[in-house]
2 protein chains.
Amino acid sequence: MPSGMLESALDPASIAIVGASDNPHKVGGRPLLYLRRYGYRGAIYPVNPARREVQGLRAFPALADLPEVPELAVVAVAGDEAVHAVEACAARGVKVAVVMTSGFGETGEAGLAKQNRMLAAAKGSGMRLIGPNCQGLANFATGTVANFSTIFHELEGTDGPVAIVSQSGANSQAIYQLVREKGLGVRHVHATGNEADVTVAELAAAVVADPGVRLLLLYMEAIKDPVALAAAAEAARARDLPIVALKAGRTASGQRAASSHTGALATEDRIVDAFFERHAIWRAADPHELVGAAALYARGHRPLGRRLVFISNSGASCVMAADYAEQRGIPLAQVPSDRLRSVLPAFASVDNPIDVTGALLGNPKLFADVLPAVGEHAQSELVAVGLPVAGTGYDVEAFARDLAAFEKRYGLASALAAPQPSVREPFMRAGIATFGREREAIDALVQVADHAALLRRPAAPPPRAFPPAEYGTLDEAASLALLAQAGIAVIEHRRCRHEHEVVDACRQLGAPVVLKGCSRDIPHKSEARLVSLDVQDPVAEFHRLRRRIGELGGWFDGVIVARKAPKGRELALGARLDAQFGPVVMVGDGGIYLEALRDFRLLLPPFTAAQVIDSLSALRIAPLLRGVRGEPACDVAAFAAMAVRLGDAMLQWQGRVGAVDINPVAVFETGALALDALVESYNFSR
Amino acid sequence: MPSGMLESALDPASIAIVGASDNPHKVGGRPLLYLRRYGYRGAIYPVNPARREVQGLRAFPALADLPEVPELAVVAVAGDEAVHAVEACAARGVKVAVVMTSGFGETGEAGLAKQNRMLAAAKGSGMRLIGPNCQGLANFATGTVANFSTIFHELEGTDGPVAIVSQSGANSQAIYQLVREKGLGVRHVHATGNEADVTVAELAAAVVADPGVRLLLLYMEAIKDPVALAAAAEAARARDLPIVALKAGRTASGQRAASSHTGALATEDRIVDAFFERHAIWRAADPHELVGAAALYARGHRPLGRRLVFISNSGASCVMAADYAEQRGIPLAQVPSDRLRSVLPAFASVDNPIDVTGALLGNPKLFADVLPAVGEHAQSELVAVGLPVAGTGYDVEAFARDLAAFEKRYGLASALAAPQPSVREPFMRAGIATFGREREAIDALVQVADHAALLRRPAAPPPRAFPPAEYGTLDEAASLALLAQAGIAVIEHRRCRHEHEVVDACRQLGAPVVLKGCSRDIPHKSEARLVSLDVQDPVAEFHRLRRRIGELGGWFDGVIVARKAPKGRELALGARLDAQFGPVVMVGDGGIYLEALRDFRLLLPPFTAAQVIDSLSALRIAPLLRGVRGEPACDVAAFAAMAVRLGDAMLQWQGRVGAVDINPVAVFETGALALDALVESYNFSR
């Protein structure tokens, strides 16, 4: 159980520092400085052949000279020396080695070769290797601050509910700083660098096991081990620990930049979205978004819904909040106006957003008077207070006390937005989540609500990738047959190889019919003019299609005679195997512009029909599914059931099907039918 | 010329304060405090019947007792007393009265009646009225700080290049504060409150005339006088003064909140976008966005393009910047790598984003070495520097000097992003625009570039609204004829009232044809089954359509026999008269889901074909217009020319045409044709 060993990384009994420096502001000196400053209680062994003492501690010439086997070793020497140090650690039985120095895998072939030698030494002895090219570890609960970042010198470490695990050292510091600015303490700050061995996911799992952590923030440029990350995330879900992650390298340019940075692998970004959602990991777009809701998480808020109440002493803020809520689709709670009417000035707005008006200056009780009306109303779920103006003459301390008491009494997630730091400060002191910008406060509240809904979902199994294989295209009739076998409703049809079969099929199906020439060698029938929609003479058309396939040089797999489906909305449903994440199901707008317009979402099976319906409601064409211009709503439930079956089938096929493309699926007022299908498979008879 | 009189508001020779208070922290006391603190040089006349002296100045019992006619009067008394004060000001010949007190139009009918009495008194004597319910005026160049906001007490006013004109007093303070936090001085801060008379647009015009202003920020919840705002904006464009505006009340909820706030009128929000773009006003979404680029504007940057260079000492920041640029469609400049290669470490990325790596810590010259390679390269237009880590050991002062020297030497708009205020501070001192968040720095740079492109466009005439009228629907043949007359290419067709005309039409047009039953009473032909696309027997179809119109009880205006157009991409083109903004042209995705999917943009005529093409490129279906899946690109130029003609025609029709709906316009590889049209008009023979 390798990740269990990482407990040694977070709370080792003893630490050796290879390349320990007497200068506390060098890479080899800073861990020593920090270990002592932050109260590490185990034994510290500086290793430095040139000195008898380092920063007042007895130094040892070599690892072999230590009086005991250190549980953790920090390697702060460079190049081949680092390789030898790692080999020595492995030989001596060190549990975890943290290699801080750079100049390895990130620099090119020669560096990678050195890195691989370190890795081999570690693997050979069962030692775990963190780095190289990493800033190190920091656990402020145990004082294990084996880290060379300058930030813990500038910004005194304070134990708290937040943990940070980051591939990038620079980013771990930036994130740390942003969390601390929110008035929160941070327990863990770990950076994994080149990840020759230990990944963000593994360290995340170790941190999840720490019961003092109430929020885990991750930064990564590649998801190297989805199974490990899924396991960490499910362990976190099991103990109701939210994870927010920043996965950079979203776009082609970002992936190019990432590959020059930490050698990250390219992954289709929407699969990452699907993977995170499946495992209740909230995805942030940048470091500010990553930490935005930290104070709300740290207070343990798990709102049951996302209905917002916005209160301000500025009418303009109320207008802008209403705009923003509508634009983002955030529902405003309907707070009963009679109660508000009795406390607010006659000209105040008693709708939500609630404008307590400038009268707040003269009457500081106004705020406390309004809050119970909000707290006692069942619809209120999230409360944002905007105080764009609250300087001299305003009793801001009282407002902060009032809001803190309100939050405590009613348990509603609450946030304060004010541009003035002096206004935010008393609220922060009272434990309220504070923001400079009103929309950031609203975003954070809604995020915590939506994330709580993900966390309430049942545990999801880890993704299951299948070994790569060569796939061949099934002809359409075989494709439809396979899907029908999997429980997917397909258009009624017959495969006809002979004229008499066409006659029989038409008799059985009735007019009108659609004919499609079928050849395993010609997957794209429309472009090849093998689809006939307006068929007057089916037999003549059969012969034309057979000739056409011959002209194109394809194998004749017959002609499909299909019932012509009534008009429905055309969606697309697909699936493929991702090398890392295994089966992935796509739901989206149908038609030939799927790739150009990219109006689709991905899901990782198994998933529920409700999740499919959620995904559909995020499509740009979602309004059309609800029925517009007098058209009936589409039976999205039928489509969702079909998508669930396809996802389940992809799992059951265990890698035998590489891709499925059902485009279109016609979705009717009642029911849905696969009209066209293309399956790539092996191990099925064609 | 009423707005000229507002010079009196910004630099009056004398000021009376009606309701002057000895307490400098009351509404009637604070203007006195500020006028003296901020060096107002004119005469100040406190008016207060109860005191001989106010804040050490001689007080007068009534306006009539003053030794001269004050140029400006501040009214700080309430209710009927305020009305009487305004009447007295008007009678005495005061030029501008600023009514600070609330309790008027914003409170309901009774308050509105009082407000109207003030307005009548002002109009009667030619006096301009600012407010009521307004925070007042502040001009730190002349010391005219006739304002009761607390903010100028908390945050010392400093004259500078920025001006703020806001409907909302609270928001004027919040915006002021945000600008000051950017290290910039502010010259003007004016709030207009209820706008019984003077609007944001008029005060904006007065501020534009101040040559010391280099950036004008506006906040409003309604555009009450588009013509005045257009005039102010064009005066600003003429002297290269950028205006950034926050127009709240974007959505239905926001407009409801606004109407309870300042009685703002509802305007379709996309018209506001079009209006702003036409007059080179940049639109911001919230106060933070409003001030985001202020420092770049204040330095006079007008970039010629939006190609970005991003430089950081964090690889992670480079990855995230590349992601963000690609996601927003911001091009990255191609900086030649040979030059970078010679100064950067071997393992550094020499692509843009440029990762100078952690080596910057040991070698602070690295930054200065990289900059010339960026500055001397022709593609570089915008430069963002991200320093997520730059604490102890980093020579941040040197970096700030280097970037300031670079900006000065090469004239490239440059910005610094760093989460640590201590890192931002030296850059801000050196005059660099600084940001906490990297994407905000990038947004601000791109905004200034895009805004500069708008400012370089030629002046646009003000919008021209036409008086409301009753319009009737033209039948389709008449609609097409009117459009053809306006120079719009329409599908070749004949209106046939008799069988023999159908035969002639078919002979002339050749097969295939489309038939459409034409009735002024039945505008929606498809729903009424009056469109026949697959016509085998045109004469029979003619009779069927005539019967059908009869069954529906419509007037028979003939049957259109039209050439069947080849397949093209279907766009929509429309126009209507807006009560406030006059003619508005819509370009968008065609088909029946225009309203449901809202994939369209609005333009105010006259506009150029290039502007139409810009609008099309912002549509979601834009990729399809460029040609996908082997399809040719669409002739967007032909469509754009058609849109320009429609816009020009709407102006020439001078209100006689109320609405035009051309859906679809078929756009081919070459050319475009209006296939269906519906015109609402009066004063045309039907």
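All of these numbers come straight from a predicted model, not from anything done at the bench.

A closer look at the interface of chain A and chain B
Counting residues at the interface gives 71 residues for chain A, matched by 71 residues for chain B. Buried area between chain A and chain B, summed over both chains or domains, comes out near 5700 Å², and the portion from carbon and sulfur atoms is 58%. For the interface between chain A and chain B, the tally reads 6 salt bridges. For the pair chain A and chain B, the interface holds 16 residue pairs in polar contact (both at pLDDT 80 or more). Sort the elements by how many residues they give to the side of chain A that touches chain B and helix α13 (residues 315-328) of chain A lands first, with 9 residues. Here the residues of the side of chain A that touches chain B are counted per class, giving 30 nonpolar, 23 polar and 18 charged.

Some words on the relation of the copies chain A and chain B
With an axial shift of 0.1 Å and an RMSD of 0.1 Å, the rotation relating chain A to chain B amounts to 180 degrees. Taken together, the turn and the small shift mark the pair as related by a two-fold rotation axis. Among all residues of chain A, the one whose C-alpha sits closest to the rotation axis is Arg 620 of chain A, at a distance of 4.7 Å. Comparing interface residues between copies, 100% of those in chain A also sit at the interface in chain B, which points to an isologous, same-surface contact.

So, the side chain of Gln 611 of chain A
For Gln 611 of chain A, the location among the structural elements is in helix α24 (residues 609-617). You can call Gln 611 of chain A buried: its relative accessible area is 16%.

Regarding the confidence of the model for chain A
Per-residue pLDDT for chain A averages 92, and the proportion of residues at 70 or more is 97%. Scored as a complex, the prediction yields pTM 0.93 and ipTM 0.92.

A closer look at unusual backbone geometry
Looking along the chain, the bond that leaves Asn 663 of chain A and enters Pro 664 of chain A is cis, with omega of 10 degrees. Positionally, Pro 664 of chain A belongs in strand β26 (residues 657-667). We note that Gln 55 of chain A has phi near 45 degrees; this positive angle belongs to a residue other than glycine. In this structure, Asn 133 of chain B is a non-glycine residue whose phi angle is positive, near 60 degrees.

Rules and cut-offs
- Residues numbered from 1 in each chain as written.
- Chains lettered and ligands numbered in written order.
- Predicted model: local features only at pLDDT ≥ 70, side-chain atom pairs only at ≥ 80, totals over all residues.
- Heavy atoms only, no water.
- Contact = heavy atoms within 4.5 Å.
- Buried area = accessible area lost by both parts, 1.4 Å probe.
- Salt bridge = Lys/Arg side-chain N within 4 Å of Asp/Glu carboxyl O.
- Polar contact = N/O pair within 3.5 Å; in protein donor to acceptor, adjacent residues only side chain to side chain.
- Helix = DSSP H or I, 4+ residues; strand = E, 2+ residues; numbered from the N terminus.
- Nonpolar A, V, L, I, M, F, W, Y, C, P; charged D, E, K, R; others polar.
- Least-squares fit on C-alpha atoms with pLDDT ≥ 70 in both.
- Buried < 20%, exposed > 50% of the residue type's maximum accessible area, 1.4 Å probe, protein only.
- pLDDT = per-residue confidence, 0-100.

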